[in-house]
Amino acid sequence: MRLVGPVRIKASARRAFRAPTFNDRFWGGAGDPDLRPERAWTLDAGLMMAVGTPDAGVDAEITRFGSAVRDQIVWRPGTDTVWRPANVGRVRTDGWEASLGVRAPLALGASARLDAVATRTDARDQSDPASATYDQPLLY
């Protein structure tokens, strides 16, 4: 039996930019043409492991991630119950993701794979410490 691979470490750091979409700016009277683009730094690190052969075995992965976003675009309900986009000055997001996959050979050279994935994300407004929404979770 040949092992697919040992435990591997992965990590990345990225700079991100997202311009407002057409809908963010002009959606049926609810959009905001003055929205600013989002700018962010994102970091993640994790462990990956594969045991077995390329045809049969188990894959596991766990990753921790976080980001700091400036001017994140968030759709919120207004006082008139219409959802509208707005820039949130600063947002901190962190979380983790875990996955487990099982590979198994089938007849006639076919194979099957079953995966399970779990993710936890926590995004909080970090714009103004004097605001009532400071450090409160953002709506998803």
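Residues numbered from 1 in each chain as written. Predicted model: local features only at pLDDT ≥ 70, side-chain atom pairs only at ≥ 80, totals over all residues. Heavy atoms only, no water.

Peer 1: Tell me what's going on with the nonpolar core, and back it up with residues and numbers.
Peer 2: Counting residues in each nonpolar core, the largest one holds seven residues, listed as A40, V69, V74, V88, V91, A123 and L138. Elements that contribute at least two residues to this core include exactly strand 3 (57-77) and strand 4 (83-105). (Core = buried A, V, L, I, M, F, W, Y, C linked by side-chain atoms within 4.5 Å. Buried < 20%, exposed > 50% of the residue type's maximum accessible area, 1.4 Å probe, protein only. Helix = DSSP H or I, 4+ residues; strand = E, 2+ residues; numbered from the N terminus.)

Peer 1: Describe the pairing of strand 2 (residues 38-52), with residues and values.
Peer 2: Sheet analysis places strand 2 next to strand 3, joined by 14 bridges and oriented antiparallel. Looking at strand 3, one finds that T42 is bridged to S67. Once strand 2 ends, the chain turns through four residues before running back antiparallel as strand 3. (Pairing = 2+ DSSP bridges.)

Peer 1: Would you mind going over a positive patch on the surface in detail, with residue names and values included?
Peer 2: Side chains of R15, R39, R70 and R90 sit close together on the surface and give a patch of like positive charge. Along the chain, R39 turns up in strand 2. (Patch = residues over 30% accessible without salt bridge, like charges linked within 9 Å, V, L, I, M, F, W, Y side chains within 5 Å. Areas by Shrake-Rupley, 256 points an atom, 1.4 Å probe, with all protein chains shown as cover. Salt bridge = Lys/Arg side-chain N within 4 Å of Asp/Glu carboxyl O. Lys, Arg positive; Asp, Glu negative; His and termini not counted. Charge placed at Lys NZ, Arg CZ, Asp CG, Glu CD.)

Peer 1: Could you give an account of the pattern of salt bridges, naming the residues involved and the relevant values?
Peer 2: Scanning the model with the defined rule gives 13 salt bridges in all. Across the pair D59 and R103 runs a salt bridge, and its minimum N-O distance is 2.5 Å. Pair noted here: D59 is in strand 3 and R103 is in strand 4, with a separation of 44 residues, a long-range link. Both residues of the pair, D59 and R103, belong to the buried class. Bridged by salt links that share partners, the residues D59, R103, R113 and D115 form one connected network.

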